[in-house]
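Chain by chain, the residues run as shown.
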Amino acid sequence: MMNEKELLEWYLAAGVDVICGDVPGCLRQNVSPPKAALPTAIAEENVARPAITDLAQMSLKACKNARDICEASATLEELRAAAEAFEGCSLKLTSNKTVFGGGNSQAKIMIIGEAPGADEDRIGEPFVGRSGHLLDKMLAAIGLDRSKVYITNVLPWRPPGNRTPTDAEVAVCLPFLRRQIELLKPEIIVVLGGSAANSLLDNKETISRLRGKWQEYQTAKGDSVAVLASFHPAYLLRNAAQKAKVWADLLLLAKKLQNN
Ligand code: URA
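Residues numbered from 1 in each chain as written. Predicted model: local features only at pLDDT ≥ 70, side-chain atom pairs only at ≥ 80, totals over all residues. Heavy atoms only, no water.

Asker: So what about empty space enclosed by the protein? Which residues, and what values?
Answerer: Counting across every chain of the model gives three cavities of 30 Å³ or more. Approximately 100 Å³ is the volume attributed to the largest cavity. Surrounding the largest cavity, 15 residues form its lining, M138, V190, L192, L250 and L253 being those nearest its centre. Breaking the lining of the largest cavity down by element, the ones donating at least two residues are β2 (109-113), α8 (130-141), β4 (188-192), β6 (224-230) and α13 (243-259). No other element matches the four residues that α13 contributes to the lining of the largest cavity. By residue class, the composition of the lining of the largest cavity is 13 nonpolar, one polar and one charged. (1 Å grid on protein atoms, 1.4 Å probe; cavity = no way out; pocket = protein on both sides within 12 Å on 5 of 7 lines; lining within 4 Å. Points joined across faces, edges and corners; volume = space filled by probe spheres on them. Helix = DSSP H or I, 4+ residues; strand = E, 2+ residues; numbered from the N terminus. Nonpolar A, V, L, I, M, F, W, Y, C, P; charged D, E, K, R; others polar.)

Asker: Can you tell me about the packing of aromatic side chains, naming the residues and giving the values?
Answerer: Scanning the entire structure with this criterion turns up three aromatic pairs. Centroid distance F86 to W157: 6.4 Å. Interplanar angle 20 degrees. Geometry classified as stacked. Here the residue F86 occupies a position in the loop between α5 (76-85) and α6 (91-94), and W157 occupies one in the loop between β3 (149-153) and α9 (167-184), the gap between them amounting to 71 residues. Residue classification places F86 among the buried positions, given a relative accessible area of 2%. Joined through ring pairs, the aromatic side chains of F86, W157 and F176 make up one cluster. (Phe/Tyr/Trp six-rings, centres within 6.5 Å; stacked < 30°, edge-to-face > 60°. Buried < 20%, exposed > 50% of the residue type's maximum accessible area, 1.4 Å probe, protein only.)

Asker: Which residues make up the nonpolar core, and what values do they have?
Answerer: I111, I112, I181, I189, V191 and L200 are the most contacted members of the largest nonpolar core, which totals 58 residues. The dominant element in this core, judged by the number of residues it contributes, is α9, at eight residues. Once residues lying within four places of it in the same chain are set aside, the contact partners of I189 are M110, I112, I181, L200, Y217, V225, A226, V227 and L228. (Core = buried A, V, L, I, M, F, W, Y, C linked by side-chain atoms within 4.5 Å. Contact = heavy atoms within 4.5 Å.)

Asker: Any details on a nonpolar patch on the surface? Residues and values, ideally.
Answerer: Where nonpolar side chains cluster on the molecular surface, the patch consists of M2, L7, L8, W10 and Y11 and spans about 500 Å² of accessible area. Here L8 lies in helix α1 (residues 4-13). Overall, the relative accessible area of 52% leaves L8 in the exposed class. (Patch = residues over 30% accessible without salt bridge, like charges linked within 9 Å, V, L, I, M, F, W, Y side chains within 5 Å. Areas by Shrake-Rupley, 256 points an atom, 1.4 Å probe, with all protein chains shown as cover. Salt bridge = Lys/Arg side-chain N within 4 Å of Asp/Glu carboxyl O.)

By themselves, these figures tell us nothing about what the structure is for.
And the structure:
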């Protein structure tokens, strides 16, 4: 039999590191799971259950709302405030901070990761944990640092336990990223990891196929931005053997900066 400390450690090891409350979030939001999955006392409560089509409608509405809010944001600071006030993404319920973006907003280079992790969620800045330290070393290897780049993520809110974001979560957060790109007008985007690259470039290619070459991103305003995808630093921390490929990507970036 586990004691309470062992049970908590077991939860942490399983990736359960957020406690939202005694009642499942789906009930608090008036969206109920199948009754069979609930303890009898809760199942017997008369909870309104939107049909699946209603949920899809809610999701579409949230995306449209996000797009409208983003379009109406004329500056980066307005967009940051809009993200902080936005209630259309359920990830916000389980995170501590809206991690919008940081670094030099005048920079030529924009770096895009997937989503904040535990450290970023605690501090409110992107890439401040172990992955961030490795990212700093990668930048330093070609003479860059945070004063020369702007850093953001596809999602401004941490998915619980760092799970991969769902398509619906990505869809509702993408307008905030796309508008950041329009407002900051970077010359170069470096996108880290397969999930972020797929979201930005709207494809399903593996990161191994996407990395190592220049691609293009078109803004809704018709501007074209050069994009370089590479492995995510978190992946490199687990697979040091891939560092040579990331070095090759960094050299591509350094060459492009010399020629620009
Ligand atoms: N991983 C990311 O993709 N982004 C962060 O900000 C931190 C870790």
